[in-house]
Structures are given as structure tokens and as C-alpha cells.
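Coordinate analysis (summary)
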Amino acid sequence: MSSNIFLCFTGSAVSSFGDRKAELSSAYQQGPLFDVVYNPFYLQQHLPPSPDLIRCHPEKSDHRRLYGSVCDLRSSTLPGSSTLSHSMFDLTSPPHRFIQRYDSVSSVPSSTSSRKNSQGSNRSLDTITLSGDEREFGRLNVKLCYVPSVEQIWITVLQCKDLSWSSGCGENPQISIKGILTLSKPVQFKCMAKEASSDIEFMETFVFAIKLQLLQTARLVFKVQALTPRKKTIGECALPLRELSTQETDYWLIIAPPSKASVCSAELKIGTCFQAVNSRIQLQILEAQNLPSSSTPLSSNFFVKAAMFSTGGMVDKKKTRLLKSSNGCVKWGETMIFPVIQNEQGVNFLIKLYSRSSVRRKHFLGQVCLSSDSCSNEAADQWRDTMANPEKVVIKWHNVYPA
């Protein structure tokens, strides 16, 4: 009797299992089962539940699961399904269905007029304008001449072309040009204000009695200022005076956006020579000008570090003596020799300028990268000229840039 009961119970279990297996299999009869994949945004689809599971785990309307099959990301294969998958990757949904855009970071629904960008800003992406270094502010036309008989520099501010300004300056601000000669005691001058337009003529000449030797170590900086409703610098440009001559020279300067951070305007005079016979590169650290003055009563000294790199990393490094500046200038006149291994690839130099106070605090001022792909045109031109012409000494002035 007991054996009959056991066989009956076993047969019932096998029959129930077989029915359940057939029931589940019929749900995916249109395609094979696929591997499980991770999908954190997958909403549970209601498959035919087991009666035992219903009793143990009542259904929750907002229940989510993190895993689903690959077929869940494609078109539905359940019987009676007439629409495609609601996956965010589905690009073939019928055109009449409403599609929302999602930000890749926040995954928050958004609209065209106001939605978050990848930095979380609520500005409309349709109204973002170029800012900072991406914008062009126009050009400034000036003429320079030095009269040695009376030791005078003549500066003529002619015109601005294609000038632009931000809306914060108002619709029709008054525009003026402020000039600064960056000597140890700066010399300043200013043009008369004109009504703003894309093209403005100033036609003003300024004359200063200054020795040529001092001027050749300085720069002439121009600041384009809007005076109404309040004074604001909308652009600036600069011109080194080391090539100032007795011939009147015409310059067109690109007006750049004003720098928000203090930038060192120092320049380095560097010489290079590729000595192919001796398999070495000669690097000359000659002088620096437009060096910053000390902000403390303690005097500052200056030195230069030069490092040679190849594709394998740093090859060698050297540094100059520590020297005090005179009128913003230092002359080292030092030559460094860097041996070059045969077939060494990707050789370049990183030259860094430092100041050091008497309390022995080192302060980084800027650097010059000598390589064929340098961000500085002067540095790239010097390096290509050096490599193309062995035994030729190439000397150029370079602005130092922050790291």
C-alpha cells in the first residue's frame, strides 16, 4: 500500500514538473534561451509564475531585478506581443511614439529647452556660446619707431578691427586702449574713449624718452577696455620690444581674452646645435628678460633646469647657476652638452625657469618645450631647424608657459 502511495506521489510530481517545464518553454517557443547579462535598468517582465513562488514571495508592483537575458533587450518574443522592446537601445521604435532624451551621467529625462549637460549645468545646450580662449576679440593696429638722436620711442595706436565684446559691457559701451611699457617702473598711457563698433579708429601718438637698452628688455602691453557702465578689460595683446628699430614698423596684434590668472611674462633666450660628428646636442641657456620683481623685501635669484627626454624617458638633466636679476634681466651664457645615443628616437628638451628667494624657497615661473610638436611655434621651428642643419647654432627667444 505504501509503495503504491509513493509511486502515485512520484508520478504526480513528475507530471507536475513536466507540465511546468512545458509551460515555461512555450513562453519562449519563438527563440532559444540566451546567456544572462547585467542590466541595472531592466524592469521585471511577468513570466507565468509558479504557484509555490506566489505563496512564498507575493508580487510587488515596483519590484526591479538587475539581471535579464539578452533577448530581453531585443524585440519581445512573447505570444501576442505586437510592439518592439522598450529598451533605450531600440532605435527602430515607431515614429509616433514619444522619445525622451537622457543625460549620460544623470539619466534624468530632459527636454530641448532645459536639460542638464555632462557637468550638471542647467543651461540650455542650444544657447551655449563660445567663451574664453575659443572666442576671437579682434585685431589692434599699431606703429612703433625709435629715434636714437633724442632717445625717444614713438607709439601710434591706429585702429581696432573686427572688435567684439560681451553682453555684460552693454550694447554701446565706450572703448579705450590702455598701453603699458613693462619696465621696472611701468610707463602707462591711454587713448581717448570712442563709441564701440566693430571697427574703431584712434589715430593717437605717444612719445616717451627712454633709453633703447631698457626698452629692448621690456614688452609693450595693450589692454582694450570698456568704460561703461563700468571699467572692464575685454581683451589684451602684447609686443616684445627687443627688435625695436629706427624704421617705423606696422604691427597687427591679435586681441586675446584677458587672463584670469597671473601669468609670468618672462622670456628665455635659448641656443641649440646638433653636433652629429660628436653625437651630442649643445644647449645654450643665454639670458632671460621680463623677470618678475620680488613681492617681498627679500631679493630673488633665478636659475634654469634643462632635461633631455627620449621615448624611453628622461636621459639627462642639468641646471644653471643661481643669479640675481638686474632690471628684470639675467645673463647666464652657459652651454650644456647632452650626448645622443645612436638611433635614439623622440629626443626633446624641457627647460624650466625658477626663482629662489634668500629663504631658499623655489618658485616655478614657466617652461619651454623644445620638440618638433611643441605647442609653441618658435620652439617647434627652432627644433626642426636644428635637426635639419647639423653643426648650425640656432638661437631664438621664447615665452615661458605654465606647465
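Rules used in this analysis
Residues numbered from 1 in each chain as written. Predicted model: local features only at pLDDT ≥ 70, side-chain atom pairs only at ≥ 80, totals over all residues. Heavy atoms only, no water. Helix = DSSP H or I, 4+ residues; strand = E, 2+ residues; numbered from the N terminus. Buried < 20%, exposed > 50% of the residue type's maximum accessible area, 1.4 Å probe, protein only. Areas by Shrake-Rupley, 256 points an atom, 1.4 Å probe, with all protein chains shown as cover. Patch = residues over 30% accessible without salt bridge, like charges linked within 9 Å, V, L, I, M, F, W, Y side chains within 5 Å. Salt bridge = Lys/Arg side-chain N within 4 Å of Asp/Glu carboxyl O. Lys, Arg positive; Asp, Glu negative; His and termini not counted. Charge placed at Lys NZ, Arg CZ, Asp CG, Glu CD. Contact = heavy atoms within 4.5 Å. Core = buried A, V, L, I, M, F, W, Y, C linked by side-chain atoms within 4.5 Å. Pairing = 2+ DSSP bridges. Axes fitted to C-alpha atoms, helices over the stretch in contact; angles between N-to-C directions. Phe/Tyr/Trp six-rings, centres within 6.5 Å; stacked < 30°, edge-to-face > 60°. Lys NZ or Arg CZ within 6 Å of the ring centre and 35° of its normal. pLDDT = per-residue confidence, 0-100.

For the rest of this paragraph, the subject is the overall build of the chain. When helices and strands are counted, the chain shows four helices and 22 strands. For the chain, with 403 residues in total, the buried portion stands at 33%. As displayed, the chain offers around 25,600 Å² of accessible surface, 54% of which is attributable to carbon and sulfur atoms.

Moving on, we come to the environment of E201. Summarising the element assignment, E201 is placed in strand β10 (residues 200–209). Residue E201 is classed as exposed on the basis of its relative accessible area, which comes to 55%. Sequence-wise, E201 and V157 are 44 residues apart; in three dimensions their C-alpha atoms are separated by 8.6 Å.

Another aspect to go through is a positive patch on the surface. Taken together, the side chains of K305, K317, K319 and K362 make up a positively charged region of the molecular surface. Assignment of secondary structure puts K305 in strand β16 (residues 300–310). Assessed through its relative accessible area of 30%, K305 is described here as partly exposed.

So, on to the pattern of salt bridges. Oppositely charged side chains can form a pair if their charged atoms are brought close together. Under the criterion given, the structure shown has nine salt bridges. In this structure, E334 engages R321 in a salt bridge whose closest nitrogen and oxygen atoms are separated by 2.7 Å. With a gap of 13 residues between them, E334 in strand β19 (residues 330–339) and R321 in the loop between β17 (313–319) and β18 (323–324) connect regions that are remote in the sequence. When the shortest N-O distance is used, the salt bridge between R384 and D381 registers 3.0 Å.

With respect to the helices and strands, F222 occurs in strand β11 (residues 219–226). Residue F222 is classed as buried on the basis of its relative accessible area of 0%. Aside from chain neighbours lying at most four places away, what touches F222 is L140, V142, I155, V157, I177, K178, G179, F189, G235, E236, C237 and L253.

Counting 36 residues, the largest nonpolar core has L140, I155, V157, I175, I177, L181 and F222 as the members making the most contacts within it. Contributions of two or more residues to this core are made by β5 (139–147), β6 (152–161), β7 (174–181), β10, β11 and β12 (232–240). Dropping the residues within four chain positions of it, I175 is found in contact with L163, M192, A193, K194, A196, I200, F202, V224, Q225, A226 and I234. Counting 28 residues, the second largest nonpolar core, distinct from the first, contains A288, M336, V368 and A379.

Attention now goes to the sheet that holds strand β15 (residues 280–289). Strand order in the open sheet made by the four strands is β19-β15-β14-β22, with antiparallel pairing throughout. Across the chains shown, the open sheet's two edge strands, defined by having one partner strand only, are β19 and β22 (394–399). Strand-to-strand twist across the sheet, computed as the mean angle between neighbouring axes with direction ignored, equals 20 degrees. Where strand β14 (residues 267–275) and β22 come together, six bridges link them in antiparallel fashion. When the sheet's bridge partners are listed, L268 is paired in β22 with H398.

What follows deals with the packing of aromatic side chains. All told, the structure shown has seven aromatic pairs when counted by the stated rule. Residues F338 and F349 carry aromatic rings whose centres are separated by 5.0 Å and whose planes lie at 75 degrees to one another, so their mutual orientation is edge-to-face. Taken together, the residues span a long stretch of sequence, with F338 in strand β19 and F349 in strand β20 (residues 348–357) at a distance of 11 residues. Considered together, F338 and F349 belong to a single accessibility category, that of buried residues. Given the relative accessible area of 0%, F349 is considered buried. Sitting over the face of the ring of W252, R139 holds its NZ or CZ atom 4.8 Å from the ring centroid.

Here the chain averages 74 in pLDDT, while 63% of its residues score no lower than 70. A low-confidence stretch, residues 5–10 (pLDDT under 50), is modelled with zero contacts involving residues beyond four sequence positions or located in other chains. The low-confidence segment residues 30–134, where pLDDT is below 50, has 101 contacts with residues more than four positions distant or belonging to other chains.

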